[in-house]
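# Structural overview for review
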Amino acid sequence: VKVEEKLFYNRYLVDAGRPHITVRPHDTPSAALLALTRICPAGCYSQADGGQVEIASDGCMECGTCRVLCGESGDIEWNYPRGGFGVLYKFG
Ligand code: SF4
């Protein structure tokens, strides 16, 4: 079974208007930020037309990969979603 097919089983309760991850405003993304567009398993990070890295955290699996890579540098701010929100693992 492909990862994409497994991701289908996850469910999300989005805390509208209160994203649990934010990207620090920047003109030119750092190498680490750019890497997030490739390593996030849920594909939450993307590069805008102007080159800045953006996040749509609705499908975040809370794996912590981006937090490990960019949390300490301050490139991103990462918090767990409020109780009851975020990813819901149906199997596992
Ligand atoms: Fe992607 Fe994991 Fe970061 Fe969520 S915690 S945005 S799934 S890398």
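Residues numbered from 1 in each chain as written. Predicted model: local features only at pLDDT ≥ 70, side-chain atom pairs only at ≥ 80, totals over all residues. Heavy atoms only, no water.

### Looking at empty space enclosed by the protein
Stated precisely, the cut-off is as follows: Whether a set of points on the 1 Å grid over the protein atoms alone is a cavity depends on a 1.4 Å probe fitting there but being unable to get out, while an open set qualifies as a pocket with protein on both sides within 12 Å along at least five of seven lines; lining residues are those with an atom within 4 Å of a point. Grid points are joined across faces, edges and corners, and a volume is the space filled by probe spheres set on the points. Note on residue categories: nonpolar means Ala, Val, Leu, Ile, Met, Phe, Trp, Tyr, Cys or Pro, charged means Asp, Glu, Lys or Arg, and polar means any other residue, Gly included.
Scanning all chains against the criterion turns up one cavity of 30 Å³ or more. Counted as a void, the largest cavity has a volume near 80 Å³. As for the largest cavity, its lining consists of 13 residues, of which Cys40, Pro41, Cys60, Cys63 and Cys66 are closest to the centre. By residue class, the composition of the lining of the largest cavity is ten nonpolar, two polar and one charged.

### What to know about the site of the ligand
Applied cut-off: In this text, near means that some heavy atom of the residue lies within 4 Å of the molecule or strand in question. The way we define it, a molecule is inside a pocket or cavity when more than half of its atoms are within 2 Å of that pocket's grid points.
Around the ligand sit 13 residues in total, of which Cys40, Cys60, Cys63, Gly64 and Cys66 are the nearest. Judged by the proximity of its atoms to the pocket grid, the ligand belongs to the largest cavity.

### Comments concerning the packing of aromatic side chains
Note the threshold: Only Phe, Tyr and Trp rings are paired, with Trp represented by its six-membered ring, and only when their centres lie within 6.5 Å; those with planes under 30 degrees apart are stacked, over 60 edge-to-face, the remainder tilted. Relative accessible area decides the class of each residue, using a 1.4 Å probe on protein chains only: under 20% of the type maximum gives buried, over 50% gives exposed, and in between gives partly exposed. Any Lys NZ or Arg CZ found within 6 Å of a ring centre and within 35 degrees of that ring's normal is scored as a charge over the ring.
Enumeration over the complete set of coordinates arrives at two aromatic pairs. With a centroid separation of 6.0 Å and an interplanar angle of 70 degrees, the aromatic rings of phenylalanine 8 and tyrosine 9 are classed as edge-to-face. Note on phenylalanine 8: relative accessible area 55%, which makes it exposed. Look at tyrosine 9 and you get partly exposed, because its relative accessible area is 39%. Taken together, a centroid distance of 4.8 Å and an interplanar angle of 85 degrees make the contact between tryptophan 78 and tyrosine 80 edge-to-face. The ring of phenylalanine 8 has arginine 11 lying over it, and the distance from NZ or CZ to the ring centre is 5.6 Å.

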